[in-house]
Every structure is written in structure tokens, then in C-alpha cells.
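Residue strings, one per chain:
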Amino acid sequence: MAPVRTTGAIVAAISVSIGVLCFFLRNKCKSQRKNLSVLPNKKKQPRYGLLDAIGNTPLIRINSLSEATGCEILAKCEFLNPGGSVKDRVAAKIFEEALKSGQLAYGGVVTEGSAGSTAISLATVAPAYGCKCHVVIPDDAAVEKSQILEVLGATVERVRPVSITHRDHYVNIARRRAMEANELASKLNKIDQTEGKDQELRNGDKHDGDRHDSVLTSYSSGGYFADQFENLANFRSHYEGTGPEIWEQSGGSLDAFVAAAGTGGTVAGVSKFLKDKNPNVKCFLIDPPGSGLFNKVTRGVMYTKEEAEGKRLKNPFDTITEGIGINRLTKNFGMAELDGAFRGTDKEAVEMSRYLLKNDGLFLGSSSAMNCVGAVRVAQSLGRGHTIVTILCDSGLRHLSKFYDAHFLSQHGLTPTATGLEFLDLK
């Protein structure tokens, strides 16, 4: 008997089965898509005003540095805060605590001595709290920073740079301005309202003196010295905000954190929080030229032998970076929990800023660039396969007249020449 040919029947059966399966899957997918279409809209709710927009900045991977080091280099984009820098967190916390404690009254003035970013943040948030801002700034700070302050409505007082121990250091002057505002408020409270003398003082109609005196007459509700270096609201803003955000955004999977310090609030608040969550997370300082913090962390003393013998320069901050580096211990920095420190140079910061602009499209300020130098140094120290987090404090927009000015850099021998990361011994 001839063999029965079943091939055609088998093929037909398979085809029918596939057709039924495809029909079933197609209907299943349609059903799923239909179900998805009725899911609630998961768009984020709008934030309530400027203050609610502070914080919760993105944590991004810096691709070029990650690929070059074999580590995951992550950076918190603090330049995306509404005031343009990490200092927005500090400013909001200072106002919040001062108003809550009664040390600052509604309509009062907050004074600060600042090289720029903190002052800009204070001026940015002041209207949201119904207050004013008076800033004392060294006259060698980038000109665009003082211009921004004036546009924001702050009173700007420029003074010559002197030692912090000098009566006329910009921080000490800012402290006096708050005291003077409080004295004025106290005096006005004692004046008999029916005589109208208080109104004359308020308007400045019969007040003799220079511009400084006439400005003070508008501070009739008293003043509060922000004191960003010693005010622990600075530390708390990062312990309660920046640190927890980094932990959550990284899923707790980070090996190290590194940042430079000026007031010390950021590196202290973040390092303390991360150490509280996981003592194995390593925290480091990256310190610019002229600062004594590197010596303090690595040797336990602020000064070298030569500096202790009186050879220290009157104005020791021999660096073009702004907002970082200091030669005294602040209350905020005293809260930091650090495992070590690295020394960065101006040339490394300049080269890093150009490298990141070219390779990642990141337009960063001098302290942000220095922090990225620190991230690479930590990666080199720990070896491949680690996750390292740093802070991008502000963008390059406030650094055009110095850090991004070709003529200025040429005068200081800092013209960028690198084609890659060879300035950090990487190809």
C-alpha cells in the first residue's frame, strides 16, 4: 500500500493554529491597550510657587567621565534650582528657620557677606518670604554676580577684600548691617507715633548721611544676619534635603561622595547623612589652591610649617575658583564626616570645564568643575566598578568674566590646551 501523505495536512493544521494564536494575541493586546488607556494620568502635580521648586534636582550620569574611569560618575544638577545654584536650599532654610524662631520679622531684611551664589539665592527667595536682602560682596567677585543681585532687587554693597579678622571684611560688615537694622527698628518702636517722627525716619526725609545711612532707613522691620558659614541651617538644608535625595535617586547604591567646601554646608550635610545610612560610603573633600582644608583633613592642621611662621599671604586664596576654599574651620564644616581629601588645581578645573562642555554639553561653573576633578580622583583611588556622586553647584553663566574669559585665563597662565583627560593622567 502506498504511504499516506500527511505533510499537507500537518502544514495546514499548523497554519490554522498559528492563525488562531495570532488572533488571540491580537485581541489580548487590544484589550490591554484599552485597559491602559483608562489608567489615571500619572503626570506630576504642579509645584506651589518658587519655594516648592527648590530641590529634587536630577542625578545624572556624566557619560564621558564614567567611560574614561570605568566607574559610574553621577552628579546632582543643583544648577537647575530656580536661583541657579545649590545655595537655593540654604537660603530657603535660613529664611524658614529665622522666621519660625522670630529672629526675623515679616518685612525685615536678611543681610549676608557672600562672594555671589548664596547672595543670589537669598535675593531670589526673599520676596517669597515677604522680606528684603542686603548683600556685602568683595569687589573682586565676578561682575555678573553683582549685576544679577541688583536686578533681583537686593541692595549691593561692594568692599575691598581683607582678612576675615579685619573689621571691614565683607562678612563682618554684613553682620553690622543686620545689627544696625535692628537698632533702627528698636528706635522706631520707642518713638511716639502721634508725633510723626517715625514716619520721617521711615521715609528718610530728615535723615542726613551717605547712601548707606539712607538705605538703612528702609529697614524699619529689623534685620537678620544669614551667617551662612556658621549658621547650621546650612548643614541642615543638605542633611534633610540633598543627602536624602542622593540616597533615594541612587537607590542607596553608591560607594563614594566628593565635593569641595566653602562654608562646608554641602559636604557636611551630605556626608553625615550618607554615613548615617551606610558607614561604608566613603566621603572625600576636593580642595582648591590656597585653602587650608586639605591640610586639616589629611594632617590634622590647617597650616603648613612655613605658613605658621608668618609667611602666609594677607589674601591667601590664590585661586580663580569662586565659592570654595577657606582657611578657617566653620561650624558647618565641623559637622562633616570625611575619609580623606584631594588637592585640585585651577588648571585642572579649567580643563575639566572645557572637556565636559565639549563631550557632555555641560556648561559648569568653577566649583562644579573642581568637583568633577574630585570625582575622577576618587575613581582613580578606588579603582574601576565603583559609583561616585558629586555636586554640580552652578552653571558657567556666572563665570563668564573670569573662568570663561580667554584673556583673563591667559594672564594667569591657565589657557586650556588639553584634548582629552590627559591633565588627570587619563587617555
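Residues numbered from 1 in each chain as written. Predicted model: local features only at pLDDT ≥ 70, side-chain atom pairs only at ≥ 80, totals over all residues. Heavy atoms only, no water.

## Notes on the confidence of the model for the protein chain
Atom-level detail of predicted coordinates should not be read off regions where pLDDT is low. Taken as a whole, the protein chain shows an average pLDDT of 85; of its residues, 80% reach a score of 70 or greater. Note on residues 201-211: pLDDT is under 50 here. Beyond four places in sequence and across chains, it has 16 contacts. When the criterion is pLDDT under 50, residues 309-317 qualifies, and its contacts beyond four places in sequence or with other chains add up to eleven contacts. (pLDDT = per-residue confidence, 0-100. Contact = heavy atoms within 4.5 Å.)

## Describing unusual backbone geometry
A positive phi is found at Asn56, a non-glycine position, where the angle reads about 55°. Relative to the assigned elements, Asn56 resides in the loop between helix 2 (49-52) and strand 1 (59-61). Backbone geometry at Asp425 places phi at a positive 65°, although glycine is not the residue there. Turning to its location among the elements, Asp425 is positioned in the segment after helix 16 (406-411). (Helix = DSSP H or I, 4+ residues; strand = E, 2+ residues; numbered from the N terminus.)

## Some remarks on the packing of aromatic side chains
In total, this model carries six aromatic pairs according to the counting rule given. A ring pair is formed by Phe284 and Phe342, whose centres lie 5.5 Å apart and whose planes are at 55°; its orientation type is tilted. With a gap of 58 residues between them, Phe284 in strand 8 (residues 282-287) and Phe342 in strand 9 (residues 340-343) connect regions that are remote in the sequence. What makes Phe342 buried here is its relative accessible area of 18%. One residue, Arg328, lies across the ring of Phe229, its end atom 4.9 Å from the ring centre. (Phe/Tyr/Trp six-rings, centres within 6.5 Å; stacked < 30°, edge-to-face > 60°. Buried < 20%, exposed > 50% of the residue type's maximum accessible area, 1.4 Å probe, protein only. Lys NZ or Arg CZ within 6 Å of the ring centre and 35° of its normal.)

## Details of the sheet that holds strand 5 (residues 155-159)
Taken together, the four strands give an open sheet; going across it, the order is 5-4-3-6, and neighbouring strands pair in parallel fashion. Where the open sheet ends on each side, the last strands, each with one partner, are strand 5 and strand 6 (223-225). Each neighbouring strand pair of the sheet contributes to a mean axis angle of 20°, computed without reference to strand direction. The pairing of strand 3 (residues 109-113) with strand 6 spans three bridges and is parallel. Pairing of Val110 across the sheet is with Tyr224, part of strand 6. Sheet contacts for helix 6 (residues 143-151): strand 4 (132-138) and strand 5; angle to strand 5, the most-contacted strand, approximately 150°. (Pairing = 2+ DSSP bridges. Axes fitted to C-alpha atoms, helices over the stretch in contact; angles between N-to-C directions.)

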